[in-house]
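Given next are the chains, with one letter for each unit.
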Amino acid sequence: MGASLGILGAGGWGTCLALLGHRSNHQVNLWEVFPEYAVILQQRRENIYFLPGVKLPSGLRISASLKEVVTESRFLVLAVPSQHFRRTLKKLKTVYRGQPVLIATKGLEGQTGLTMSSVLNEIMGRIPFAVLSGPCIARELAQGFPSAAVVASARPEVARVFQKLLSSHLLRLYTTEDVKGVELGGAIKNVMAIGAGVIDGLQLGVNTKAAYLTRGLKEMVQLGVSLGGQEKTFYGLSGLGDLMTTAFSQHSRNRSFGQALVESSKEAFFQKTRMVVEGFFTVRSLYRLASRKKIEAPITRAVYRLVYLGKNPQAELKILMSRRLKPE
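First things first, this report covers the structure right here in the doc.

## Some points on the overall build of the protein chain
- Scanning the protein chain for helices and strands turns up 15 helices and 10 strands.
- Here the C-alpha atoms of the protein chain give a radius of gyration of 19 Å, agreeing with the 20 Å that 2.2 N^0.38 yields for 328 residues.
- Each principal axis of the C-alpha atoms in the protein chain carries an extent, and together these give about 60 × 40 × 35 Å.
- Within the protein chain, the proportion of its 328 residues that are buried is 55%.
- Taking all contacts inside the protein chain whose residues are at least 6 apart in sequence as the whole, residues at least 24 apart take part in 67%.

In structure tokens, the structure reads:
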């Protein structure tokens with residue numbers, strides 16, 4: 001038996017990470033915040049809402065007791081939605097035992113625009129942590145399709161610990177010290193993926209989508225560097241890699257949400273899904289940050305207008321295509 005690993009958050013991504021840890025022979029303790037759903041997970045051995053059709057091994061422990069999971073785990077992984085991240089940390093602080101923490105949540109905090117590591121530092125103080133990001137659709141990894149991701153920490157030894165813990169024949173992990181760049185790539189790409197979904201909904205073809213994503217990557221770099229990331233990081237797994245996955249996958253919540261803005265409505269989309277669309281929250285934070293720093297960010301602003309002001313997708317496309325001509 002390997003290490004004891006506590007996964008906080010039993011959504012699709014948290015469940016996937018629990019499965020990967022179990023397959024690597026670790027003792028995995030999965031925390032589900034709602035006791036009634038924890039019972040369903042225990043009895044059905046399947047995450048029927050967030051990862052249906054994928055069986056949970058009997059050796060994978062599931063609990064609604066945060067104290068129990070934290071007490072029995074040498075390492076912790078945070079995989080809760082960004083809007084619940086601060087609240088979860090406040091609970092964690094009361095039972096925390098000094099373990100290294102891996103942040104697997106992608107996004108920016110809605111009200112403050114902070115990255116998840118900034119929220120963690122604010123609540124928990126200086127504890128050993130790393131962040132995880134990359135092209136990792138939970139369903140594909142859970143089904144055994146290989147991928148790669150990156151673990152970032154200002155303390156290289158912490159990044160290497162989680163790299164060793166979670167690397168396998170299904171997930172190849174790299175390391176970096178650019179925490180801010182990895183987090184921003186994982187957050188900004190969700191906004192770009194909403195726009196990619198709009199293009200799919202409008203049935204505009206491959207040329208349009210390729211041109212959009214190329215300029216979207218350019219905007220990711222401009223925003224990310226201005227907010228403290230290193231440029232090279234955005235051309236790696238947590239930037240370009242994650243952008244491609246999220247913009248093309250039929251399982252991508254953010255891309256699907258963008259498509260729904262054209263084909264139905266955001267209200268109809270949210271009524272039929274339990275999944276969290278991180279880009280919905282991130283685009284508001286990113287729009288405010290871009291405005292505050294006087295960054296042009298035309299795609300971010302267009303997606304914001306579509307999501308929060310209900311603007312017409314064709315009209316927003318026309319605005320983007322009619323912008324002042326300039327060198328690439």
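## Overview of the packing of helix 8 (residues 179–202) against helix 13 (residues 278–292)
- Across the interface, helix 8 lies against helix 13 with an axial gap of 8 Å and an inter-helix angle of 105°. Considered as vectors, helix 8 and helix 13 are oriented roughly perpendicular to each other. Counting all contacts with helix 8, which are made through A187, I188, N190, V191 and I194, the residues of helix 13 involved are E278, G279, F280, T282, V283 and L286.
- A breakdown of the residues in the contact of helix 8 with helix 13 according to their chemical character gives 7 nonpolar, 3 polar and 1 charged.

## Focus on helix 2 (residues 35–44)
- Looking only at helix 2, the buried set comprises Y37, A38 and L41. Viewed along the axis of helix 2, the buried residues span an arc of 105°, placing them on a single side of the element. Opposite the packed face of helix 2, turned more than 90 degrees from it, sit the exposed residues E36 and Q43.
- Where helix 2 is buried, its residues contact strand 3 (46–47) and strand 5 (61–63).
- Just downstream of helix 2, R45 is the residue with a positive phi angle, here 55°.

## Describing the nonpolar core
- Counting 41 residues, the largest nonpolar core has I7, W13, L17, L102, L132, V151 and F162 as the members making the most contacts within it.
- The biggest single contributor to this core is helix 1 (residues 12–23), with 6 residues.
- Contacts of L17, omitting those with residues within four sequence positions, involve I7, V77, A104 and L132.

## Examining the environment of R139
- Within the secondary structure, R139 is located in helix 6 (residues 138–142).
- Separated by 82 residues in the primary sequence, R139 and P57 have C-alpha atoms spaced 16 Å apart.
- R139 has contacts with L51, P52, V54 and H251, leaving out every residue within four places of it along the chain.
- A polar side-chain atom of R139 sits 2.7 Å from the main-chain carbonyl oxygen of P52.

## Quick notes on the side chain of E219
- Tracing the backbone shows E219 in helix 9 (residues 205–226).
- R323 is the oppositely charged side chain nearest to the buried, salt-bridge-free E219, at an N-O distance of 6.9 Å.
- Aside from chain neighbours lying at most four places away, what touches E219 is M192, A297, P298, I299 and T300.

## Structural notes on the sheet that holds strand 6 (residues 75–78)
- Strand order in the open sheet formed by 8 strands is 5-2-1-6-7-8-9-10, and the pairing between neighbours is mixed. Of all the strands in the sheet, just strand 5 and strand 10 (171–176) have a single pairing partner and so form its edges. Put simply, the sheet's adjacent strands are angled 25° from each other on average, direction ignored.
- As paired elements, strand 9 (residues 147–152) and strand 10 share 6 bridges and run parallel to each other. Following the sheet pairing, S147 is matched in strand 10 by L171.

## Section: the pairing of strand 6
- Neither face of strand 6 is open: one carries F75 and V77, the other L76 and L78, and all of them are buried.
- Direction of pairing for strand 1 (residues 4–8) relative to strand 6: parallel, over a ladder of 4 bridges. Note that in strand 6 the partner of L8 across the bridge is L78.
- As judged from the 3 bridges shared by strand 6 and strand 7 (residues 101–103), these two strands associate in the parallel manner. Bridge pairing in strand 7 places L76 opposite V101.
- For the handedness criterion, the β-α-β arrangement of strand 6, helix 4 (residues 85–93) and strand 7 is classed as right-handed.

Basis of the calculations
- The residue numbering used here restarts from 1 in each chain and proceeds along that chain's sequence as written.
- Local features are withheld for residues below a pLDDT of 70 in this predicted model, meaning they are given only at 70 or higher, and side-chain atom pairs are given and counted only at 80 or more; totals for whole chains, interfaces and linings count all residues.
- Note: side-chain values were computed over all heavy atoms of the structure, leaving out hydrogens and water.
- Working definition: helices are DSSP H or I runs of at least four residues, strands are E runs of at least two. Numbering for both runs from the N terminus.
- Radius of gyration means the value over C-alpha atoms here, while the globule rule gives 2.2 Å times the residue count to the 0.38 power.
- Exposure is judged per residue with a 1.4 Å probe applied to protein chains only, and the accessible area is read against the type maximum: over 50% gives exposed, under 20% gives buried, and values in between give partly exposed.
- Two residues qualify as a contact provided that any one of their heavy atoms is within 4.5 Å of a heavy atom in the partner residue.
- What counts as an axis is a line fitted to C-alpha atoms, over the stretch in contact for a helix, and the angles between N-to-C directions run from 0 to 180 degrees.
- Each angle is binned into one of four classes, with values under 35 degrees roughly parallel, values over 145 roughly antiparallel, values of 65 to 115 roughly perpendicular, and all other values oblique.
- Under the grouping applied here, Gly and all other residues not named as nonpolar or charged are polar, the nonpolar ones being Ala, Val, Leu, Ile, Met, Phe, Trp, Tyr, Cys and Pro and the charged ones Asp, Glu, Lys and Arg.
- What the arc measures is the spread of directions leading from the helix axis to the C-beta atoms.
- What is meant by a nonpolar core is a set of buried Ala, Val, Leu, Ile, Met, Phe, Trp, Tyr and Cys residues, joined one to another through side-chain atoms within 4.5 Å.
- Two N or O atoms count as a polar contact when they lie within 3.5 Å, although within protein this holds only if one can serve as hydrogen donor and the other as acceptor, and sequence-adjacent residues are included solely when both atoms are side-chain atoms.
- Positive residues here are Lys and Arg, negative ones are Asp and Glu, while His and the chain termini are left out of the count.
- Only one rule defines a salt bridge in this text: a Lys or Arg side-chain nitrogen within 4 Å of an Asp or Glu carboxyl oxygen.
- Paired strands are those between which DSSP finds at least two bridges.
- Crossovers are described as right-handed under a simple rule: with the strands pointing away from the observer, the path leading from the first strand over the helix to the second runs clockwise.

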